Amino acid sequence: MKPDLSFEQLERRRCILRWIFLAIAIFLSCAGVAVLAVPPEMAMDKAIPRAFGGIALLVAGFFVGLFSRLVP
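As the structure is a computational prediction, the values presented were derived from the model and not from experiment.

**Points about helix H2 (residues 44-69)**
In this model H2 runs 38 Å from its N-terminal to its C-terminal C-alpha over 26 residues, within 8% of the 38 Å that 1.5 Å per residue would give. Summarising the contacts, the buried residues of H2 are in contact with helix H1 (7-36).

**Section: the packing of H1 against H2**
Put simply, H1 and H2 touch, their axes get as near as 7 Å, and they point 165° apart. Between H1 and H2, the angle is such that the two are roughly antiparallel. Taken as a pair, H1 and H2 cross one another with a handedness that is left-handed. Considered class by class, the residues forming the contact of H1 with H2 number 17 nonpolar, seven polar and three charged.

**A word on the environment of Leu10**
Note that Leu10 resides in helix H1. The spacing of Leu10 and Ser29 is 19 residues in sequence and 29 Å in space, taken between C-alpha atoms.

**With respect to a nonpolar patch on the surface**
A surface patch of nonpolar side chains, about 540 Å² in accessible area, is lined by Leu36, Ile55, Val59, Phe62, Phe63 and Leu66. Top contributing element to the nonpolar patch by residue count: H2, with five residues. Inspection of the secondary structure puts Val59 in helix H2.

**Digging into the packing of aromatic side chains**
Per the stated rule, a full pass over the model turns up two aromatic pairs. On the numbers, 5.0 Å between centres and 90° between planes, the contact of Phe21 with Phe67 is edge-to-face. Of this pair, Phe21 sits in helix H1 while Phe67 sits in helix H2, placing them 46 residues apart in sequence. Ring centres 5.4 Å apart and planes at 70° place the aromatic pair Phe62 and Phe63 in the edge-to-face group. Since its relative accessible area comes to 49%, Phe62 is described here as partly exposed.

**A look at the side chain of Ser68**
Examined against the element boundaries, Ser68 turns out to sit in helix H2. Judged by its relative accessible area of 0%, Ser68 is buried. A polar contact is formed between the side chain of Ser68 and the backbone oxygen of Gly65, at a distance of 2.6 Å. Beyond its immediate chain neighbours, meaning those up to four positions away, Ser68 contacts Arg18, Phe21 and Leu22.

What counts, and at which threshold
- Residues numbered from 1 in each chain as written.
- Predicted model: local features only at pLDDT ≥ 70, side-chain atom pairs only at ≥ 80, totals over all residues.
- Heavy atoms only, no water.
- Helix = DSSP H or I, 4+ residues; strand = E, 2+ residues; numbered from the N terminus.
- Expected span 1.5 Å × (residues − 1).
- Contact = heavy atoms within 4.5 Å.
- Axes fitted to C-alpha atoms, helices over the stretch in contact; angles between N-to-C directions.
- Parallel < 35°, antiparallel > 145°, perpendicular 65-115°, else oblique.
- Left-handed = near helix turned anticlockwise from the far one by under 90°.
- Nonpolar A, V, L, I, M, F, W, Y, C, P; charged D, E, K, R; others polar.
- Patch = residues over 30% accessible without salt bridge, like charges linked within 9 Å, V, L, I, M, F, W, Y side chains within 5 Å.
- Areas by Shrake-Rupley, 256 points an atom, 1.4 Å probe, with all protein chains shown as cover.
- Salt bridge = Lys/Arg side-chain N within 4 Å of Asp/Glu carboxyl O.
- Phe/Tyr/Trp six-rings, centres within 6.5 Å; stacked < 30°, edge-to-face > 60°.
- Buried < 20%, exposed > 50% of the residue type's maximum accessible area, 1.4 Å probe, protein only.
- Polar contact = N/O pair within 3.5 Å; in protein donor to acceptor, adjacent residues only side chain to side chain.

Interpretation in functional terms is not warranted from these geometric data alone.
In structure tokens, the structure reads:
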């Protein structure tokens, strides 16, 4: 049988999990900004999907950052 974890151990796990989610959120946001850096001479048929992908990465980073605050 698995012993129950103490309050300190649970709190430490939550803290580690929050840091992992925040690191993922920061990575997704940075990736979104990098994808949004479209040079002006790029063709429109390549720039528009890249812009949508960058916005999607930024939104995903935002929601993962919000989710990190909801970790019980």
